[in-house]
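Reading the structure
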Amino acid sequence: MAATWIKPLHINKGKTIAQTLADRTDYAENPEKTNKGKLIIGYECNPHCADEQFLLDKIEYEDFTGVDQGQRNIIAYHIRQSFKPGEVTPEEAQRIGYELAMRWTKGKHAFIVAVHTDRAHIHCHIIYNSTTLDCKSKFKNFWNSTFAVRRLSDIICAENSLSIITEPKPSKGQNYGKWIGDDKKLSFSGFIRKKIDEIIPSCSTYEDFIEKLQSSGFIVDDSGKHTTVSTPGQKRPTRLNTLKGNYTESAIRERIANMKTIQTGGSGGGQIRINLLVDIQAKIREGKGPGYEQWAKIFNLKQAAKTLVFLQENGIDSYEDLKKKSSSASGDFSVLTTKIKDIETRQKEISELQKYIGQYGKTRDTYAAYKDSGWSRDFYDKHAADIILNRAAKKYFDSLGKKKLPSMKSLKEEYATLNTKKKKLYSNYHDLKQNSRSLAIAKGNADRILGITPDEQNRDTSRQQQREDSREN
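Just so it is clear, the structure is predicted and the values come from calculations on it, not from any experiment.

**Quick look at the overall build of the protein chain**
- Along the protein chain, the regular secondary structure elements total 16 helices and eight strands.
- Expressed as a percentage of the 473 residues in the protein chain, the buried residues total 42%.
- Sequence-distant contacts in the protein chain: of pairs separated by 6 or more residues, those separated by 24 or more amount to 71%.

Shown next, in the form of structure tokens:
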């Protein structure tokens, strides 16, 4: 679950564009909040000197367009994405924040992503240049952009199996961090909803649900027309039907009915052993039942048939086998993707280093002349672009912490070697990706058709682990 907002950045009162950009990027890149800078990443810019690179793009933009918006000028945009405590690691937050920035800017704007871990809720600070990479236009902000970026963030979170905010409206004056923080006190209705979600997976009937709700300390009255629930300290009971959505009396009954009881077999002591081919074929022939109805809202009969054929062709006839193969394929593809990304990251570093070495060589004499002029303002105005490029190159070299820079020849040779390795890895990339995707779809379809819930899968995994541990002992 990520709470997200976007804010346009104007020039701070009494400061220059350079000072304002430096203030914002320095705050985002605070080493005490970003694990000594390890949780900072940039796109088309070096995070250590992003402010100066942003500024250079703006100088080129003004030269190209002749537009100077003065104090109304939006120099950058700041997106903040806060995650629910415990849902993501800092590395996952960085990956998701980077994806959000890339999809939001469509890769047309340089940006940095800095993950802060100084709060209970991990959060990303994304700062992107308002000027496009080609320096010919600017980001066109629009009405309700906060809603749009939040919606995109929700989509990405859903794609990554993270919860999303269903009612994105914190109370007036409350920041997003506190809103989703783990110290937030739930309202009576919120507490009831939370308890309902916890209880339903273990219930076989509605009466069983009422019993467990009462044993949890709730006062339940189902003697009248409507069932009411109240928690200790609550003055007026809450009618279930006023909770709306998945928490009305009829919705709760339907949720309990949709809980599929998994048949167990063999000597596994509770191990899930489902003959997928038989069960899926039965569902296709039936065309009815709560599990099928829930699945049919999203998929159709053709999808079920495709899943059946895929399982037959791959010799998969048990849920255990499907789950293992899906997990293994996902793992293999993840390892391959990581190797390719590592190579691409190094290639990007090499390209960046080559760029700065060339940049430094072209501007070195100009900067030396600027120094000899006694840091003349007139000289700076005439040669601002070269001076800024030279400073950016120096700042970049300092960030590397190397006493001696590699030669351009050695960098080109290393880049070529990495390119050969990457091409070899890519020869298996598409096959592994397709296999992983096909197995994931088949498993997802099987889960929906057969009504297998995440809770049941987790319980089965836990039982399997306990049996393996007992055998080892």
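**Focus on the pattern of salt bridges**
- In this structure the tally under the stated criterion is eleven salt bridges.
- The residue arginine 119 makes a salt bridge to aspartate 118 at a minimum N-O spacing of 4.0 Å.
- Accessibility expressed as a relative area gives 47% for arginine 119, which makes it partly exposed.
- For the salt bridge of arginine 253 with glutamate 249, the shortest nitrogen-to-oxygen distance reads 3.3 Å. Of this pair, arginine 253 and glutamate 249 both sit in helix H8 (residues 249-257), four residues apart, which is roughly one turn of the helix.
- Assessed through its relative accessible area of 39%, arginine 253 is described here as partly exposed.
- Glutamate 249 gets classed as buried once you look at its relative accessible area, which sits at 16%.
- Via salt bridges that share partners, Lys33, Asp118 and Arg119 belong to a single interconnected network.

**Side note on the sheet that holds strand E8 (residues 238-239)**
- One open sheet holds the three strands; their spatial order is E6-E7-E8, and the pairing between them is antiparallel. In this open sheet, the two edge strands, each paired with only one partner strand, are strand E6 (219-221) and E8.
- With two bridges joining them, strand E7 (residues 228-230) and E8 adopt antiparallel strand pairing. Note on E8: the bridge partner recorded for threonine 228 is arginine 239.

**Some remarks on the state of the cysteines**
- For the structure shown, the criterion picks out zero disulfides.
- The closest cysteine sulfur to the non-disulfide-bonded cysteine 49 is located on cysteine 45, 8.0 Å from its own sulfur.
- Classification of cysteine 49 as buried rests on a relative accessible area of 0%.

**Re a negative patch on the surface**
- Together, Glu60, Glu62, Asp63 and Asp68 give the surface a local cluster of negative charge.
- Locating glutamate 60 in the fold gives a position in helix H2 (residues 50-65).

**What to know about the packing of aromatic side chains**
- Per the counting criterion, the structure on display carries 18 aromatic pairs.
- One aromatic cluster is present, built from ring pairs that chain together Tyr77, Trp104, Tyr128, Phe139 and Phe142.
- Between lysine 355 and the ring centre of tyrosine 356, over which it is positioned, the NZ or CZ distance is 4.9 Å.

**Here's the deal with the pairing of strand E4 (residues 111-116)**
- In terms of burial, E4 is a largely internal element, six of the six residues being buried.
- Residues Phe111, Val113 and Val115 line one face of E4 and the alternating positions Ile112, Ala114 and His116 line the opposite face, and both faces are buried.
- With four bridges connecting them, strand E2 (residues 40-43) and E4 associate as antiparallel partners. What sits directly across from isoleucine 40, in E4, is alanine 114.
- Both E4 and strand E5 (residues 123-129) contribute to a ladder of six bridges, which runs antiparallel. Paired with valine 115 across the strands is cysteine 124, a residue of E5.
- As consecutive antiparallel partners, E4 and E5 are separated by six residues.

**Some remarks on the environment of glutamine 234**
- Examined against the element boundaries, glutamine 234 turns out to sit in the loop between E7 and E8.
- Sequence separation between glutamine 234 and phenylalanine 188 is 46 residues, and the spatial gap between their C-alpha atoms is 7.2 Å.
- Non-local contacts of glutamine 234, meaning those with residues more than four positions away in its chain, are made with Phe188, Ile192 and Val229.
- Among the polar contacts listed, one links the side chain of glutamine 234 to the backbone nitrogen of threonine 231, at a separation of 3.0 Å.
- A polar contact is formed between the side chain of glutamine 234 and the side chain of threonine 238, at a distance of 2.7 Å.

**Quick word on the confidence of the model for the protein chain**
- Averaged over every residue, the pLDDT of the protein chain is 78; the share at 70 or more is 76%.
- Of the regions scoring below 50 in pLDDT, residues 166-173 engages in six contacts with residues more than four places distant in sequence or in other chains.

**Brief notes about the side chain of histidine 116**
- Mapping histidine 116 onto the fold places it in strand E4.
- Of the residues examined, histidine 116 reaches a relative accessible area of 0% and is grouped as buried.
- Residues within four places of histidine 116 in sequence aside, it is in contact with Tyr27, Ala28, Lys33, Thr34, His121, Ile122, His123 and His125.

**Here's the deal with the nonpolar core**
- Core analysis: the biggest nonpolar cluster contains 25 residues, and Ile6, Ile79, Phe83, Ala93, Leu100, Trp104 and Tyr128 have the highest contact counts within it.
- Where this core is concerned, the elements lending two or more residues are strand E3 (74-83), helix H3 (90-105), E4, E5 and helix H4 (145-159).
- Filtering out sequence-adjacent residues up to four positions away, leucine 100 remains in contact with Thr4, Ile79, Gln81, Ile126, Val149, Leu152, Ser153 and Ile156.
- Ranked by size, the runner-up nonpolar core spans 24 residues in total, among them Leu56, Ala110, Ile112 and Ile127.

**Some points on helix H14 (residues 384-400)**
- Given a rise of 1.5 Å per residue, 17 residues ought to cover 24 Å, and the 25 Å separating the end C-alpha atoms of H14 matches this to within 8%.
- Those residues of H14 not exposed but buried are Ala384, Ile387, Ile388, Asn390, Ala392, Ala393, Tyr396 and Phe397.
- In this structure, the buried side of H14 is in contact with H2, helix H12 (319-372) and helix H13 (377-382).
- Immediately beyond the C-terminal end of H14, within one or two residues, lies glycine 401, with a positive phi of roughly 70°.

**Details of H2**
- In this model, H2 (16 residues) spans 22 Å end to end at C-alpha, consistent with the 22 Å of a helix rising 1.5 Å per residue.
- For H2, the complete set of buried residues consists of Ala50, Asp51, Gln53, Phe54, Leu55, Leu56, Asp57, Lys58 and Tyr61.
- Immediately beyond the C-terminal end of H2, within one or two residues, lies glycine 66, with a positive phi of roughly 75°.

Analysis parameters
Residues numbered from 1 in each chain as written. Predicted model: local features only at pLDDT ≥ 70, side-chain atom pairs only at ≥ 80, totals over all residues. Heavy atoms only, no water. Helix = DSSP H or I, 4+ residues; strand = E, 2+ residues; numbered from the N terminus. Buried < 20%, exposed > 50% of the residue type's maximum accessible area, 1.4 Å probe, protein only. Contact = heavy atoms within 4.5 Å. Salt bridge = Lys/Arg side-chain N within 4 Å of Asp/Glu carboxyl O. Pairing = 2+ DSSP bridges. Disulfide = S-S within 2.5 Å. Patch = residues over 30% accessible without salt bridge, like charges linked within 9 Å, V, L, I, M, F, W, Y side chains within 5 Å. Areas by Shrake-Rupley, 256 points an atom, 1.4 Å probe, with all protein chains shown as cover. Lys, Arg positive; Asp, Glu negative; His and termini not counted. Charge placed at Lys NZ, Arg CZ, Asp CG, Glu CD. Phe/Tyr/Trp six-rings, centres within 6.5 Å; stacked < 30°, edge-to-face > 60°. Lys NZ or Arg CZ within 6 Å of the ring centre and 35° of its normal. Polar contact = N/O pair within 3.5 Å; in protein donor to acceptor, adjacent residues only side chain to side chain. pLDDT = per-residue confidence, 0-100. Core = buried A, V, L, I, M, F, W, Y, C linked by side-chain atoms within 4.5 Å. Expected span 1.5 Å × (residues − 1).

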